[in-house]
Amino acid sequence: MIRAPTRRALFAQMLRLAQGRLTAADNRRVTAIPARSVRVTAPKAVPVQLDGDRFGATPLMIDADGPQLRLIVPR
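Draft legend 1. Examining the overall build of the chain more closely. For the chain, the count of helices and strands is one helix and four strands. Put simply, the chain runs from its N terminus to its C terminus through helices and strands in the order α-β-β-β-β. Counting across all 75 residues of the chain, residues that qualify as buried make up 17%. Contacts spanning at least 24 positions in sequence make up 37% of the contacts within the chain whose residues lie at least 6 apart. As displayed, the chain offers around 6600 Å² of accessible surface, 55% of which is attributable to carbon and sulfur atoms.

So this is what it looks like as structure tokens:
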């Protein structure tokens, strides 16, 4: 999960993530939580993207089918 105080900070962190340089070990605003499945909910439906393509809306259930799944979650 990525927590950023501003949109600029979020953009910088997302850029580091895209470059493969964002890790929980070197960034105090990143929390790594191991899980095999995750349910994403919101008070109202929020659009979801998967690899930049529209995928649907929340609620969303994600099951990991491999050793690692990276998830970017807005506040």
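Draft legend 2. Focus on helix α1 (residues 7–18). Between its first and last C-alpha, α1 extends 16 Å over twelve residues, near the 16 Å set by a 1.5 Å rise per residue. Within the span of α1, buried status applies to Ala-9, Gln-13 and Leu-17. End-on, the buried residues of α1 take up no more than an arc of 80°, which puts them together on one face. Set apart from the buried face of α1 by more than 90 degrees, the exposed residues are Arg-7, Arg-8, Phe-11 and Ala-18.

Conventions and cut-offs
All residue numbers here refer to positions counted from 1 along the written sequence of the relevant chain. Side-chain atom pairs in this predicted model are given and counted only at pLDDT of 80 or more, local residue features only at pLDDT of at least 70, and totals for whole chains, interfaces and linings cover all residues. The side-chain quantities take in all heavy atoms of the structure and omit both hydrogens and water. Secondary structure counts use DSSP, requiring at least four H or I residues in a row for a helix and at least two E residues in a row for a strand, with both numbered from the N terminus. The rule is simple: take the accessible area with a 1.4 Å probe, protein chains only, and divide by the maximum for that residue type; under 20% is buried, over 50% is exposed, in between is partly exposed. Contacts are assigned to residue pairs with any non-hydrogen atoms lying within 4.5 Å of each other. Calculation of accessible area relied on Shrake-Rupley with a 1.4 Å probe; when residues are assessed, cover is drawn exclusively from the protein chains displayed. Helix span is expected to be 1.5 Å times the residue number reduced by one. The arc under discussion is defined with respect to the helix axis, by the directions toward the C-beta atoms.

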